[in-house]
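# Structure at a glance
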Amino acid sequence: MCPSQIRFSQNETLSPAVSEDFSDIIFRYQSDPESLLTELSQYSPQIVDTQYSVLHAPLSAQLATVEQIGYPAVPKLFAPLDTVSLEEAGILAVQNQPFLNLKGSGVIVGFLDSGIDFTHPAFRNPDGTTRILRIWDQTVQTGPAPEGLLYGTEYTQEMINQALFSPDPASVIPHRDTDGHGTAMAGIACGSADPPSDFIGAAPLSGILAVKLKSAKQYLRDYFVVPEDAVVYQETDLMLGVRYMIDVSRRLRMPLVICITTGSNQGGHTGTTPLEEVLAAGQFNTGVYAVTGTGNEVGQGHHYQGSVSRTEDYVDAEIIIEEETSGFTLEFWADAPELYSIGFTSPLGETIQPVQPRSGASHEFRFLLENSSVFLTYSVVEMLSGSELALMRFVNPTPGVWRIRITGVSIAGGMFHMWLPISGLVDPKIRFFTPNTNVTLVNPSSAEPVITAGTYDAYSSSMYGSSGRGYTRNGIIKPDFVSPGVRLTAPAPGGVYTTSTGSCAASALTAGAVALLAKSGLLLDPPRYFTPREIKSLIQRGAVRSEENRYPNREWGYGIMDIYGIFESFLRS
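This structure is a prediction, so every number in the text was calculated from the model and none was measured. (Residues numbered from 1 in each chain as written. Predicted model: local features only at pLDDT ≥ 70, side-chain atom pairs only at ≥ 80, totals over all residues. Heavy atoms only, no water.)

### Some remarks on the state of the cysteines
Counted according to the given criterion, the structure contains zero disulfides. As a non-bridged cysteine, cysteine 190 has cysteine 259 as the owner of its nearest cysteine sulfur, 8.6 Å distant. Accessibility expressed as a relative area gives 0% for cysteine 190, which makes it buried. We note that cysteine 259 lacks a disulfide partner, and the nearest cysteine sulfur, in cysteine 504, lies 7.9 Å from it. When its relative accessible area of 0% is taken as the criterion, cysteine 259 is described as buried. (Disulfide = S-S within 2.5 Å. Buried < 20%, exposed > 50% of the residue type's maximum accessible area, 1.4 Å probe, protein only.)

Pasting the structure below:
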């Protein structure tokens, strides 16, 4: 039986993709993929694209951690980016202007999130049928799974309509959005008009794809010391979700906007993580656009930027831990040819002298006077970015001030960066004593081809205070622009409406706007698909800019998104 034919029910053995007895490995091809996948068939490979596959190995094989398989191969952890504006963004104008009348028909908007309330009026046509083209629920293992994938259950538009017109929709399709985040984001981007509730999404006639992400496996939560109550997803599920959406859009021959509403501080912030590479490669497919937000990391104290000059021996970076915690991780990044060694001083004064960096070297330090351990793993040349990486894991750290000593071994410019995990994946009472608010973009927003939106408060006409700031660590201008994302009206499970604030809301609104622009290309004579760079440039062309600011900049990018302003700019020129 080939992998695409395997189906799992609740009474059968779980797929390795969801079994807690298997690790998940991000495998990057370095030779012919077909022959490699044949050789690796024992690891149940799932193809993502021409660069990547996901493998699954028994945990007993010890192919799970950075020390065992290397940093790029371990799935990184992602969290949701949250917790007046349609008019401010120029969206109502292009919906209602008689000549334009853009509402996103013929375009798909896809969401990788907590699922969708398929019964909500915001996702139905006037006749009661659904606008949702597919749902892939990674958490339900009764099958059938999508073609070529080994887990989850796919629900088609026909199945959803059957459920909607049955007395008990849940008995036909047991899909739930218990969190409500995915429902809200899909509604902001492309909810149907609901005049009694005074609601309409940005692209109210677009098709909808929803991928409900399963929770990250426990071994990854344990390894990265994630709080027990954290909502956390893993990179491999996002990568396969992207593959699934592209497959569906190809079969339906419709342009696709992928809305990413999760983020991570893991990775070098240069656009070279596996997920970012998959998104970038996916956009080589005609009519595929990836949209994400910059995150809400400003003010969280999770980024440190420092430098060691040639006349200095070292720099100490301080981390404050206000109360007992099970632990946390910390990543250090520096560009070649820089090379640094790292040491530690605990709150009680125990010191570990800086350890010479050697690629692949791992060290465990136990503090004699405290019940604390620190694990340090070096990668002198991290495979995807070429940068020096030091991954630090603190287990049962003593509350107080910890000092990370950074000593220069080979100095050119002397610049380095460190990141704590994103909000939600680390105790909020852990932070740098002197954080830096720049370079607080979350991944995957650092990838140059991805359309990246900061968060704007349309009510106060100001930046949202927590909106992540650029640029990327390697100097790419991000955000590309900012989009309204404060107190946006959004559907909630149960047929009601709520409000949503933060980077997720801004990225969802932007995804809907991109769907309108993609539709405008289909209306040209002859019809055409805009490239992602064209879409990005069009939004930047129409953006509203203040005379008080210089553009681009780290907060506003090229200005405030104004979709109607794009068409006005054509008239002016």
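From this point, the discussion proceeds with the structure in view.
### Description of the pairing of strand β15 (residues 327-334)
Within β15, eight of the eight residues are buried, which leaves it mostly tucked inside the rest of the structure. Neither face of β15 is left uncovered, since the one carrying Gly327, Thr329, Glu331 and Trp333 and the one carrying Phe328, Leu330, Phe332 and Ala334 both have all their residues buried. Where β15 and strand β20 (residues 388-395) come together, eight bridges link them in antiparallel fashion. Residue pairing in the sheet places alanine 334 in a bridge with glutamate 388 of β20. Pairing geometry for β15 and strand β22 (residues 415-419), over three bridges, is antiparallel. Across the sheet, tryptophan 333 pairs through a bridge with histidine 417, a residue of β22. (Helix = DSSP H or I, 4+ residues; strand = E, 2+ residues; numbered from the N terminus. Pairing = 2+ DSSP bridges.)

### A look at the nonpolar core
Counting residues in hydrophobic clusters, the biggest one holds 77 residues, and the most contacted among them are Phe111, Val257 and Ile539. Looking at this core element by element, the count peaks at 11 residues for helix α11 (residues 503-522). Those residues in contact with phenylalanine 111 that lie beyond four places of it in its chain are Met185, Ala186, Ala189, Cys190, Ile208, Leu209, Ala210, Val211, Met245 and Cys259. Within the second largest apolar cluster, 36 residues are counted, among which are Ala17, Tyr151, Leu240 and Val288. (Core = buried A, V, L, I, M, F, W, Y, C linked by side-chain atoms within 4.5 Å. Contact = heavy atoms within 4.5 Å.)

### Examining the packing of aromatic side chains
Taken as a whole, this structure holds 17 aromatic pairs when the rule is applied. Every member of this aromatic cluster is reached through a ring pair, and the members are Phe328, Phe344, Phe365, Phe367, Phe394 and Trp402. The side chain of lysine 76 reaches across the aromatic face of tyrosine 71, ending 4.2 Å from its centre. Lying across the ring of phenylalanine 375, arginine 393 places its NZ or CZ 4.6 Å from the centre. (Phe/Tyr/Trp six-rings, centres within 6.5 Å; stacked < 30°, edge-to-face > 60°. Lys NZ or Arg CZ within 6 Å of the ring centre and 35° of its normal.)

### A look at the side chain of histidine 269
Structurally, histidine 269 is set in the loop between β11 (262-263) and α10 (274-282). Using a relative accessible area of 1% as the deciding quantity, one classes histidine 269 as buried. Here leucine 441 takes part through its backbone oxygen, which lies 3.2 Å from a polar atom of the side chain of histidine 269. Other than its neighbours up to four places away in sequence, histidine 269 contacts Trp419, Leu441, Asn443, Ser446, Thr472, Arg473 and Asn474. (Polar contact = N/O pair within 3.5 Å; in protein donor to acceptor, adjacent residues only side chain to side chain.)

### Some points on the sheet that holds strand β1 (residues 22-28)
Taken in spatial order, the three strands of this open sheet run β1-β3-β2, and their pairing is antiparallel. The sheet is open, and its two edges are formed by β1 and β2 (46-47), each paired on a single side. In the sheet, β1 pairs with strand β3 (residues 52-58) via seven bridges, with the strands oriented antiparallel. The residue bridging arginine 28 from the neighbouring strand is tyrosine 52, located in β3. Sitting on the sheet, helix α9 (residues 235-252) is in contact with β1, β2 and β3, with an inclination near 55° to β1. (Axes fitted to C-alpha atoms, helices over the stretch in contact; angles between N-to-C directions.)

### Side note on the pairing of strand β8 (residues 207-212)
Counting buried positions over the six residues of β8 gives six, a clear majority of the element. Burial of the side chains of β8 extends over both faces: Gly207, Leu209 and Val211 are buried on one face and Ile208, Ala210 and Lys212 on the other. In this structure, strand β5 (residues 108-113) lies alongside β8, joined through six bridges in parallel fashion. Within β8, the position partnered with valine 109 by the bridge is isoleucine 208.

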